[in-house]
Amino acid sequence: MRTALKEYKVGTGYDEVLGNSGQPTSAASELVNHLNTLSLSDVKELQKNAEATIAQLGISFTVYSDEGNIDRLWPFDLLPRVIDAEEWKQVSEGLKQRLKALNLFIEDIYNDQKILKAGIVPAEIILSSKDYRPECAGMKLMHHSWACICGTDLVRDDSGSFYVLEDNLRVPSGVSYMLENRAVMKSVMPDAFRDISILPMNQYPYELLSMLRSICPTDTPHPEVVVLTPGIFNSAYYEHAFLAHEMGVELVEGSDLVVGDDDCVYMRNIDGLQKVDVIYRRIDDAFIDPEAFNPDSVLGIPGLIRAWKAGNVGIANAPGCGVADDKVLYAYVPEIIRFYLNEEPILPNVPTYLCSREEDRKYVLEHLEELVVKPANESGGYGLLIGPKASQEEIEQFRQLIEDNPRNYVAQPTLCLSTVPTLCDEGVEPRHVDLRPFILQGSKSYVTAGGLTRVALVRGSLVVNSSQGGGSKDTWIVKKEGA
Amino acid sequence: MLLSRVAERLYWLARYIERVENTARLSKIHSQLMFDLPKSVKLNWYTLVEITSNEDYFDEHYDARTEKNCMWMLLGDRNNSASLISSLWWARENIRTTRDSLPREAWVYINEIYLYVKDNIDDLQVRSRRNALLEKVIRTCQAISGMLMGTMSDNAAFRFLMMGQLIERADMTSRILDVGGYFAAQEYNPEEVEQYGSILWANILKSIGIYFMYRQAVQIEINGNSVIEFLVYDDRQFRSIKYCANKMHELANILPNSREVLKVIKQLQDLIDQPPEMEAGSTTLHDYLDVLQLKISAIHNACYRTWFYPEVEAVSGSVQ
């Protein structure tokens, strides 16, 4: 039998299944045993089942294009990624540590600014950030929890070590797809879940709800929680509806909410107005309150910031928390951890050059062909330069961009991302992946068992974003027998 | 409680599901008539256009009143906002945007049937395959109604679903009766109507899915007057206008701020309680059904003013 993995050859870097040695890693050995019972055509059949399940369940995301918005089915690859549970424990601790420090940082920035006074982080980086909101000055939040929900992107380099690539602290997406991937997997590969000890992740929505309740600023015994969405045309609308459904709370749009003269937030119900205590917002700061920020926004709720500052409503993630979601600030996170927690960072950063620093800029401009250059404030993988794959013209274009606005650019060495066996047209081949676990911080901290693995479906490509043709995989945190 | 916006979408969701089911039944039964009636009775497909009040759209977009055209307009025409495929799309859209208030199966069932019809839309052009497809649609709609009954609480969300279903149902029943009566009176010569009348009326009952219940309840031969009696005044028949009106009254009674809605429902109930003398196929019947339809539409408008777009009084600290 031509088994699915028989002709699988790893690429140049670290492989999540075969490691560096070409032998299954200890976390992957049971998966490999399982896959060795399947032929390539079996795997193709299972992949088809998975795609049919996704269509039936209507798991989709919205893509913006010239032809208008299209609802696309969620791209999914059957072959999972595996991580050892012991290793994951360490990663989780590192993630919690990081978010805790970042939250202390945000609160400090809007209050005493000790870290700026101590000269650890240059003040102009903060003051020039487009996500710094002077309106938040003086606010202190329950549990110092500003970024209550964080999606941190992790990668492994060719040695197999995890690095933090970036922290998404504003309105990170993807957790619903992480959960849906698992549901699809359980339906098409049930045997694997019987044979292998895979940590569950389904409890995320309850953990999310409990975190949201814990940030209620008033002493209401039963806080009313809502999810605030920009509406059905948003690319993550599917996720907004999914999370509201799983938590059993209302999914509201801006026009459903109103702020009263008493500075409290209400939603418009069939029997009048009902008070809202906690808002999980999925709208960017700039659009959340036309009274405080963008006056043209029709998505937001006039007066929301007033209500928040009066301590009548909790908002997750809190307005202004994006100040820590900046690729320039990212470079300072290890220092931030040391400053607030007096601990050594558990998870390393990818070395990062800041174009605003003269010395770094000089190095970047001389080595553009080797580096990945990123704008400080973009998401979705847009506006990147991947040096080794870029044309001379693109490199010159970035040289100009950096010289014009050095504050807006950072550069990192091109990492050789780890690979995972992936079903491709020609058979099973290695494809690059990253990983986005989700971290919650309210009265306590929580990290998902695994995360959303995104995979670059094009051979050799490093671009994993679903809006740019990337796919996804289920992520298994595997507990070994006797461990 | 329940957001006004969500209440509105749930209400429409139920209306669309009911509409999809009724449209599928209507088309299927009309096709069945072909097998029952002699060739001399020429089946008028345009009746379907009239039942659903699509005359203007049809005359503008189609050149001949053929089976193919009438069926396509009613079922597969995406540009016709009242077609089966459009109603399915709207039902799906309304679930998509209220998914957080409904059991997950609601989304899965509707999504599945929408995709199925969309992928097999050409089947609607072929009589034999059309019926199989419509059968599947009807069955799914029934499964959704049953599933909602079996898995939801008797909460505000459920009551708005019920409200939408009842209004759509009452409206559809009155339309079918209206055209059925018209059909019986004017389309054919009296002898033929007499000869085949029972088949026509039986098919009308079947098109709303209550033939069996009628048979149980009414022991006489099937005729127009007894069908009207059954579909308008029977207070135990789930699809009769009277039953729908009574149920709406019960629902409105337990929904908040419903004074105005109750008032209009009462007007509909009064009309049903004091019917004029009339025969199947008479203009009196037609006029009476017309007034019933206007009352149903008035209830719809009252729901909007009361729950979906209420004028919110100036917000102040006194709320709650």
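Residues numbered from 1 in each chain as written. Chains lettered and ligands numbered in written order. Predicted model: local features only at pLDDT ≥ 70, side-chain atom pairs only at ≥ 80, totals over all residues. Heavy atoms only, no water.

- As recorded in an unreviewed UniProt entry, chain A goes by Circularly permuted ATP-grasp type 2 domain-containing protein and comes from Hydrogenovibrio marinus.

**Topic: the overall build of chain A**
- Helix and strand content of chain A: 15 helices and 22 strands.
- Overall size of chain A, expressed as C-alpha extent along the three principal axes, is 75 × 60 × 50 Å.
- The buried share among the 483 residues of chain A stands at 59%.
- With an accessible surface of roughly 18,700 Å², chain A has 50% of that area assigned to carbon and sulfur atoms.
- Computed over 45 positive and 70 negative side-chain charges, the inter-centroid distance for chain A is 4 Å. (Helix = DSSP H or I, 4+ residues; strand = E, 2+ residues; numbered from the N terminus. Buried < 20%, exposed > 50% of the residue type's maximum accessible area, 1.4 Å probe, protein only. Areas by Shrake-Rupley, 256 points an atom, 1.4 Å probe, with all protein chains shown as cover. Lys, Arg positive; Asp, Glu negative; His and termini not counted. Charge placed at Lys NZ, Arg CZ, Asp CG, Glu CD.)

**Focus: the pattern of salt bridges**
- This model, assessed by the stated rule, comprises 53 salt bridges over all chains.
- Measuring nitrogen to oxygen at the nearest pair gives 3.5 Å for the salt bridge that ties A:Glu253 to B:Arg5. Here the residue A:Glu253 occupies a position in the loop between strand 7 (250-252) and strand 8 (257-259), and B:Arg5 occupies one in helix 1 (residues 4-36), the pair thus bridging two chains. Like A:Glu253, the residue B:Arg5 is buried in the burial classification.
- One salt bridge connects A:Lys275 with A:Asp277, and the closest N-O pair in it is separated by 3.1 Å. (Salt bridge = Lys/Arg side-chain N within 4 Å of Asp/Glu carboxyl O.)

**Digging into the sheet that holds strand 15 (residues 385-386) of chain A**
Residues and elements named next belong to chain A.
- Taken in spatial order, the four strands line up as 13-16-14-15 in an open sheet, and their pairing is antiparallel. Only two strands of the sheet have a single partner each, and these edge strands are strand 13 (353-354) and strand 15.
- Sheet topology places strand 13 next to strand 16 (residues 409-413); two bridges connect them, and they run antiparallel. The residue bridging Tyr353 from the neighbouring strand is Ala411, located in strand 16. (Pairing = 2+ DSSP bridges.)

**Let's talk about the packing of aromatic side chains**
All names here are of chain B.
- Taken as a whole and assessed by the stated rule, the structure comprises 24 aromatic pairs over all chains.
- Look at Tyr46 and Phe58: their rings are 5.4 Å apart centre to centre, the planes differ by 70°, and that puts the pair in the edge-to-face class. Taken together, the residues span a long stretch of sequence, with Tyr46 in helix 2 (residues 46-51) and Phe58 in helix 3 (residues 55-61) at a distance of twelve residues.
- With relative accessibility at 4%, the residue Tyr46 sits in the buried group.
- Summarising the aromatic geometry, the rings of Phe238 and Tyr243 are spaced 4.9 Å apart at their centres and angled 25° between planes, so their arrangement reads as stacked.
- Chaining the aromatic ring pairs together yields one cluster made of Tyr11, Trp12, Tyr16, Trp89, Trp90, Phe160, Tyr304, Trp307, Phe308 and Tyr309. (Phe/Tyr/Trp six-rings, centres within 6.5 Å; stacked < 30°, edge-to-face > 60°.)

**Here's the deal with helix 4 (residues 67-75) of chain B**
- Within helix 4 of chain B, seven of the nine residues are buried, which leaves the element mostly enclosed by the surrounding structure.
- Looking at the buried residues of helix 4 of chain B, the elements they touch are helix 1, helix 2, helix 3, helix 5 (84-96) and helix 7 (127-151) of chain B. (Contact = heavy atoms within 4.5 Å.)

**As for the side chain of B:Glu67**
Residues and elements named next belong to chain B.
- Within the fold, Glu67 resides in helix 4.
- Judged by its relative accessible area of 17%, Glu67 falls in the buried class.
- Side-chain polar atoms of Glu67 contact the side chain of Arg127, separated by 2.4 Å.
- The residues touching Glu67, leaving out its near neighbours within four places in the chain, are Trp45, Arg127 and Arg130. (Polar contact = N/O pair within 3.5 Å; in protein donor to acceptor, adjacent residues only side chain to side chain.)

**Digging into the nonpolar core**
All names here are of chain A.
- Phe105, Ile126, Trp146, Tyr204, Leu208 and Trp308 are the most contacted members of the largest nonpolar core, which has 251 residues in total.
- Not counting chain neighbours up to four residues away, the residues in contact with Trp146 comprise Asn103, Ile106, Glu107, Tyr110, Cys136, Met139, Leu141, Trp308, Asn317, Ala318, Pro319 and Cys321.
- Core analysis: the second largest hydrophobic core is formed by twelve residues, Cys355, Val364, Ile402 and Ala411 among them. (Core = buried A, V, L, I, M, F, W, Y, C linked by side-chain atoms within 4.5 Å.)

**Some remarks on the environment of B:His249**
All names here are of chain B.
- Here His249 lies in helix 12 (residues 241-254).
- Look at His249 and you get partly exposed, because its relative accessible area is 22%.
- In sequence terms His249 and Gly197 are 52 residues apart; their C-alpha atoms lie 35 Å from each other.
- Aside from chain neighbours lying at most four places away, what touches His249 is Leu262, Ile265 and Gln269.

**Some thoughts on the environment of A:His245**
- Within the secondary structure, A:His245 is located in helix 9 (residues 237-247).
- For the pair A:His245 and A:Val227, spaced 18 residues apart in sequence, the C-alpha to C-alpha distance is 9.8 Å.

**A word on the pairing of strand 19 (residues 438-441) of chain A**
All names here are of chain A.
- Both faces of strand 19 are covered, namely the face carrying Phe438 and Leu440 and the face carrying Ile439 and Gln441.
- Note: strand 4 (residues 149-156) against strand 19, three bridges, orientation antiparallel. Bridge pairing links Cys150 to Ile439 in strand 19.
- Looking at chain direction, strand 19 and strand 20 (residues 445-447) are connected through three bridges and run antiparallel. Paired with Ile439 across the strands is Val447, a residue of strand 20.
- Joining the antiparallel neighbours strand 19 and strand 20 is a turn of three residues.

**Looking at the sheet that holds strand 12 (residues 314-316) of chain A**
All names here are of chain A.
- The parallel open sheet is built from four strands, whose spatial order is 7-6-11-12. A single partner strand is all that each edge strand has here, and the edge strands are strand 7 and strand 12. Averaged over all pairs of adjacent strands, the angle between strand axes in this sheet comes to 25°, irrespective of strand direction.
- Across four bridges, strand 6 (residues 225-228) lies against strand 11 (residues 278-281) in parallel orientation. Bridge pairing links Val226 to Ile279 in strand 11.
- Of the strands in this sheet, strand 6, strand 7 and strand 11 touch helix 9, which is tilted by about 150° from strand 7. (Axes fitted to C-alpha atoms, helices over the stretch in contact; angles between N-to-C directions.)

**Things to note about the interface of chain B and chain A**
- The interface is formed by 33 residues belonging to chain B together with 33 residues belonging to chain A.
- Taking both partners together, chain B and chain A bury about 2,900 Å²; carbon and sulfur atoms supply 50% of that area.
- Taken together, the links from chain B to chain A amount to four salt bridges.
- Across the chain B-chain A interface, the total number found is 15 residue pairs in polar contact (both at pLDDT 80 or more).
- It is helix 6 (residues 104-119) of chain B that provides the largest number of residues to the side of chain B that touches chain A, a total of six residues.
- Its residues assigned to classes, the side of chain B that touches chain A shows 17 nonpolar, eight polar and eight charged. (Buried area = accessible area lost by both parts, 1.4 Å probe. Nonpolar A, V, L, I, M, F, W, Y, C, P; charged D, E, K, R; others polar.)

**Regarding the side chain of A:Thr152**
Residue and element names in this part refer to chain A.
- As for its placement among the helices and strands, Thr152 is situated in strand 4.
- We classify Thr152 as buried; its relative accessible area is 1%.
- A polar side-chain atom of Thr152 sits 3.3 Å from a polar atom in the side chain of Asp167.
- The contact partners of Thr152, leaving out residues within four places of it in the chain, are Leu95, Val164, Glu166, Asp167, Leu435, Arg436, Pro437 and Ile439.

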